[in-house]
Amino acid sequence: MSSFFKKFWWKYLCVALLIYTTVAGLLVSVPRLAIVNETIRALYFHVPMWFGMVAMFGFSIYYSIEYLRKQNSLSDFMAVEFANTGLLLGILGILTGMLWANYTWGSPWHGDPKQNGAAIALLVYLAYFVLRGSLDNIEQRARLSAVYNIFAFAAMIPLIFIIPRLQDSMHPGSGGNPGFNVYDLDSRMRLVFYPAVIGWILLGVWVASLQVRTRQIKQHLEDV
Amino acid sequence: MKKLLALLLCLNSLTAAAQSEVEMADVMRAEGKIYVVVGIILIILFGLFFYLFRLDRKITRLESQTGSNKS
C-alpha cells in the first residue's frame, strides 16, 4: 500500500473523475421530480461523501486488525488516518444532507432514522480519537484504539445500513417516500454517480496517504 | 409634447428591442447561468488539486531528504 501511495496515476484518475462528475453532474439532464427539482443533482455530491466515509472506515478497520496481528506502527498510522479522513467525509455528508433536507423535507434536522444513525456513528468515531488522545503510551494507544475501532465499525454498520431500513426513513431505499426511488433506476444518473463515488474514495485515500507519509517521516526523525 | 413623448418612448422601446437581439458571447448567461456555477466549482477543485499535488511533492522531497523512504 505504501508504494501505491507514491504513485501518481490514480491521483490523475481522481482529478479526472471529479472534474467529470462536477461538470456532468451539473449539466447532464436528470429526471424531473416534484419537490426535489434540480436538487436531485445533490445525489452526485452528497451520497459519495457517505460511500467515501464507509470506504475509509473500512480501510481503517482493516489496518486496525493488521496492527493487532503484526504490531507495526505503519498499520496504526493507516488506521488512524483513514478514520480521520472518514470522519471528515462524514461531517461533509451531514452538512450537505442538512442543507438538502432544509429545502426538500422542510427542516435541516428531520429526525430521520438515517440522519440520526449517521450522527451517532460519527460520535462513536469521535470517541475513537478521544480514546487515542487520552493514552500516553504509544503501544497501548495503538492496541486499545485498534480494538475500539473494530467496535466502532461494528456499531456504524447497523446504525447506517440496518436500523434506517427497519423504520420509515425518508432516505431512498427505505420505507416511505417511494416517488423518490425513480432515480435509482435511471441509468443516466448512474453514469455520473458511480464515477463520483470512485473519485471521492480516491481523494480520501490521497488525503489519508499524505497524512500517513507525514507520520512516517516524523517517526523516522524521532528514531534517528 | 405628447407626440414628442410618444416618439421618445417608441425610440426607447426600439433600442431595447435592438439590444436584446444583439448576438453576444452569452454562453455563460444561458440556462439560468448554470455555467457560472460549474466554473466556480471547477476553480475550487483545481485549487484543491493544485494544493494536494504540491503537498504530495513536498512530502516526497522530505522522504528522500530524511531517507525515511528506505525504511
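Here we summarise the structure given alongside this text. The structure presented is a predicted model; accordingly, all values stated were derived computationally and were not measured.

## Details of the packing of aromatic side chains
Thought 1: Overall, the coordinates contain 14 aromatic pairs over all chains when judged by the stated rule.
Thought 2: When the centroid spacing of 6.0 Å and the interplanar angle of 75° are considered together, the rings of A:Phe4 and A:Trp9 count as edge-to-face.
Thought 3: A:Trp9 gets classed as exposed once you look at its relative accessible area, which sits at 52%.
Thought 4: Taken together, a centroid distance of 5.1 Å and an interplanar angle of 85° make the contact between A:Tyr128 and A:Phe129 edge-to-face.
Thought 5: A:Phe129 gets classed as partly exposed once you look at its relative accessible area, which sits at 22%.
Thought 6: Site record: aromatic cluster; members linked through ring pairs are A:Phe8, A:Tyr12, A:Trp206 and B:Phe53.
Thought 7: Its end group placed over the ring of A:Phe8, A:Lys11 keeps NZ or CZ at 4.6 Å from the ring centre.

## A short note on the pattern of salt bridges
Thought 1: A complete count under the given rule lists nine salt bridges over all chains for this structure.
Thought 2: The closest approach of N and O atoms between A:Arg41 and A:Glu38, which form a salt bridge, is 2.7 Å.
Thought 3: Exposure remark for A:Arg41: the relative accessible area of 11% places this residue in the buried category.
Thought 4: In this structure, A:Arg69 and A:Glu66 form a salt bridge, with 3.1 Å as the shortest nitrogen-oxygen distance. Taken together, the residues span about one helical turn, with A:Arg69 and A:Glu66 both in helix 3 (residues 43–70) at a distance of three residues.
Thought 5: We classify A:Glu66 as buried; its relative accessible area is 10%.
Thought 6: Among the ionic contacts, a cluster of salt bridges with common partners joins A:Lys6, A:Lys11, A:Arg213, B:Asp56 and B:Glu63.

## A word on the interface of chain B and chain A
Thought 1: Listed per partner, the contact involves 24 residues of chain B and 21 residues of chain A.
Thought 2: In total, chain B and chain A occlude about 2100 Å² of area from one another, counting both sides; carbon and sulfur atoms represent 79% of this.
Thought 3: Three residues, B:Phe49, B:Phe53 and B:Asp56, lead the burial of chain B against chain A; their summed loss comes to 26% of the area buried on that side.
Thought 4: Along the lines of polarity and charge, the residues of the side of chain B that touches chain A split into 15 nonpolar, six polar and three charged.

So, how was this worked out
Residues numbered from 1 in each chain as written. Chains lettered and ligands numbered in written order. Predicted model: local features only at pLDDT ≥ 70, side-chain atom pairs only at ≥ 80, totals over all residues. Heavy atoms only, no water. Phe/Tyr/Trp six-rings, centres within 6.5 Å; stacked < 30°, edge-to-face > 60°. Buried < 20%, exposed > 50% of the residue type's maximum accessible area, 1.4 Å probe, protein only. Lys NZ or Arg CZ within 6 Å of the ring centre and 35° of its normal. Salt bridge = Lys/Arg side-chain N within 4 Å of Asp/Glu carboxyl O. Helix = DSSP H or I, 4+ residues; strand = E, 2+ residues; numbered from the N terminus. Contact = heavy atoms within 4.5 Å. Buried area = accessible area lost by both parts, 1.4 Å probe. Nonpolar A, V, L, I, M, F, W, Y, C, P; charged D, E, K, R; others polar.

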